[in-house]
2 protein chains.
Amino acid sequence: MFTDLGYRATTTKEIAARAQVAELTLFRHFGSKVEVFEASVLAPLKSYIEQWSRSWVDFSTEASLEEMATRLVEGLYPLIRQDHRIFQELIAARSDPRSDLYPAAVSVSAELRKGLRAVHDASFDVANKYGIPGDDKPATIGAVAAMVIGSVVLEDWVYPAQRRIPGRERMVKELIRLIIDGTTHREKP
Amino acid sequence: MFTDLGYRATTTKEIAARAQVAELTLFRHFGSKVEVFEASVLAPLKSYIEQWSRSWVDFSTEASLEEMATRLVEGLYPLIRQDHRIFQELIAARSDPRSDLYPAAVSVSAELRKGLRAVHDASFDVANKYGIPGDDKPATIGAVAAMVIGSVVLEDWVYPAQRRIPGRERMVKELIRLIIDGTTHREKP
């Protein structure tokens with residue numbers, strides 16, 4: 001329900017009804033709606049991001065730039081897209097310390113940035129191999145991650161008016177292409 | 001005050017105090033806080049985006065890809081960065097129809113997408129001139145705009161952990177570079 005409707009639009013009353021338990025029983029197990037959300041959505045989400053982060057540490061130096069771009073996009077884009085309502089709510093909460101989702105937003109965003117740090121570190125090997133002048137990796141990683149995440153969560157803002165918004169397959173292909181071409185072919189400084 | 005503190009954190013009481021008028025006088029001229037916001041922030045913001053959109057229509061076919069990427073980044077990035085609190089609030093409101101900022105968010109996002117449609121249309125000329133195979137322009141424009149806007153509004157999400165977040169100058173340089181390299185060098189389909 002959280003994934004389909006988002007955090008705000010989901011009520012503990014409906015959760016209890018779907019789980020065929022009394023709302024009181026729900027609250028006996030979880031202190032609040034945010035705790036149900038933590039257990040059902042955030043814990044698996046964070047564990048996915050953690051696993052994804054770890055995968056970069058063992059990332060073979062044999063990997064091609066194409067494999068790296070693919071892993072980056074295919075690790076993030078479908079995740080964000082599947083939970084796009086939740087990410088939109090977490091992003092909104094991240095800049096509003098009074099929100100009840102603020103602690104959750106802080107912890108998910110920190111986990112994601114840890115993963116991007118692993119991408120950052122892994123990218124040195126690939127860059128050396130391809131002779132890509134990696135003048136400003138934090139800027140490159142930041143821009144690329146903004147592109148992948150923003151393509152989903154900023155959907156109402158970034159696509160040309162009066163054109164159909166491209167679907168998942170087109171966007172994954174385009175994002176991988178832009179990352180590969182965008183990070184190669186640079187002139188050496 | 002709206003630009004510095006954001007919409008939520010600004011109160012009509014403080015606005016009235018700074019303007020050295022009674023709060024009642026403020027409400028006599030503007031019906032509500034959102035109307036003060038519309039007049040002081042949104043109207044100029046929308047007119048800036050409109051002007052920027054129009055500038056693409058007359059965009060010379062003589063322009064280089066470098067000039068196009070520069071105009072895109074320098075037209076958007078500083079705008080979003082200067083008003084980043086307001087954009088974060090508008091983006092949050094855009095996915096929450098119950099928000100009092102929802103109508104404002106719908107109208108600003110529509111204006112932005114109109115501008116990106118103008119970029120989309122202008123890009124055909126440049127693509128033809130450079131022989132860039134423009135297989136999926138809505139996807140390219142969407143990804144690129146997500147990158148520029150997301151680099152600011154998703155700041156808490158996209159930069160590698162334990163590295164300093166790059167400042168404006170580094171990001172503008174990196175974004176232009178990624179757009180130029182990312183859209184050229186493609187193999188013809």
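Every residue gets a number counted from 1 within its own chain, in the order that chain's sequence is written. Written order decides the labels, with chains lettered from A and ligands numbered from 1. Predicted model: local features are reported for residues with pLDDT of at least 70 only, side-chain atom pairs are reported and counted for 80 or more only, and whole-chain, interface and lining totals are derived from all residues. Where side-chain values are given, they derive from all heavy atoms of the structure, hydrogens and water being excluded.

**Focus on unusual backbone geometry**
- Residue Q20 of chain A is not a glycine yet carries a positive backbone phi of 55°.
- Given a relative accessible area of 75%, Q20 of chain A falls into the exposed group. Think of it in three bands: with a 1.4 Å probe and only protein chains considered, a residue is buried below 20% of the maximum accessible area for its type, exposed above 50%, and partly exposed in between.

**Side note on the relation of the copies chain B and chain A**
- In superposing the copies, a least-squares fit is computed on C-alpha atoms, taking residues whose pLDDT is at least 70 in both. Once turned by 180° and shifted 0.0 Å along the axis, chain B lies on chain A with an RMSD of 0.0 Å. These values place the two chain copies in the arrangement generated by a two-fold rotation axis.
- Working rule for contacts: check all heavy atoms of both residues, and any pair within 4.5 Å makes them a contact. Mapped onto chain A, 100% of the interface residues of chain B again fall at the interface, so both copies present the same surface.

**As for the pattern of salt bridges**
- By salt bridge we mean one thing: a side-chain nitrogen of Lys or Arg within 4 Å of a carboxyl oxygen of Asp or Glu. A full pass over the atoms with the stated rule returns 15 salt bridges over all chains.
- Ionic pairing is found between D181 of chain A and R177 of chain A, a salt bridge with its closest N-O pair at 3.2 Å. Highlighted residues: D181 of chain A and R177 of chain A, both in helix 10 (residues 168-183), separated by four residues, approximately one helical turn.
- Among the residues examined, D181 of chain A registers a relative accessible area of 2% and is labelled buried.
- Note that R8 of chain B and D100 of chain B form a salt bridge whose closest N and O atoms lie 3.2 Å from each other. With a gap of 92 residues between them, R8 of chain B in the loop between helix 1 (2-5) and helix 2 (12-18) and D100 of chain B in the loop between helix 6 (84-94) and helix 7 (102-130) connect regions that are remote in the sequence.
- D100 of chain B gets classed as partly exposed once you look at its relative accessible area, which sits at 40%. Only DSSP runs of H or I covering at least 4 residues are called helices, and only runs of E covering at least 2 are called strands; the numbering of each starts at the N terminus.

**Things to note about the packing of helix 5 (residues 65-82) of chain B against helix 8 (residues 137-153) of chain B**
Residue and element names in this part refer to chain B.
- Note on definitions: angles span 0 to 180 degrees between N-to-C directions of axes, and those axes are lines fitted to C-alpha atoms, for helices only across the stretch in contact. Contact pair helix 5 / helix 8: the axes reach a minimum separation of 9 Å and the direction vectors enclose 30°. Classified by the interaxial angle, the pair formed by helix 5 and helix 8 is roughly parallel. At the point where helix 5 passes helix 8, the crossing takes the right-handed sense. In this structure, helix 5 contributes L72, V73, L76, Y77, I80 and R81 to the contact, and helix 8 contributes V144, V148, I149, S151, V152 and V153. The labels follow the angle: roughly parallel below 35 degrees, roughly antiparallel above 145, roughly perpendicular from 65 to 115, and oblique for the rest. The handedness criterion is simple: a crossing whose near helix is rotated anticlockwise from the far helix by less than a right angle is left-handed, and one whose near helix is rotated clockwise is right-handed.

**Focus on the UniProt feature "domain: HTH tetR-type" (unreviewed entry) in chain A**
- UniProt positions are given in the numbering used here, feature names are shortened, and annotations may be inferred rather than shown by experiment. Taken from the UniProt record, the annotation "domain: HTH tetR-type" (unreviewed entry) applies to residues 1-48 of chain A.
- Within the segment residues 1-48 of chain A, helix and strand shares are 71% and 0% respectively, and the terminal C-alpha atoms sit 19 Å apart.

**So, the interface of chain B and chain A**
- Contacts between chain B and chain A engage 57 residues on the former and 57 residues on the latter.
- In this structure, the connection of chain B to chain A is made through four salt bridges.
- Polar contacts, as counted here, are pairs of nitrogen or oxygen atoms within 3.5 Å of one another; within protein the pair requires one atom able to donate a hydrogen and one able to accept it, and residues that are adjacent in sequence qualify only if both atoms are side-chain atoms. Counting the contacts that link chain B with chain A gives 14 residue pairs in polar contact (both at pLDDT 80 or more).
- Listing elements by their share of the side of chain B that touches chain A, those giving two or more residues are helix 6, helix 7, helix 8, helix 9 (155-158) and helix 10 (168-183) of chain B.
- Looking at the side of chain B that touches chain A element by element, the count peaks at 14 residues for helix 8 of chain B.
- Looking at side-chain class alone, the side of chain B that touches chain A contains 29 nonpolar, 13 polar and 15 charged residues. Charged means Asp, Glu, Lys or Arg here, nonpolar means Ala, Val, Leu, Ile, Met, Phe, Trp, Tyr, Cys or Pro, and polar covers whatever is left, Gly included.

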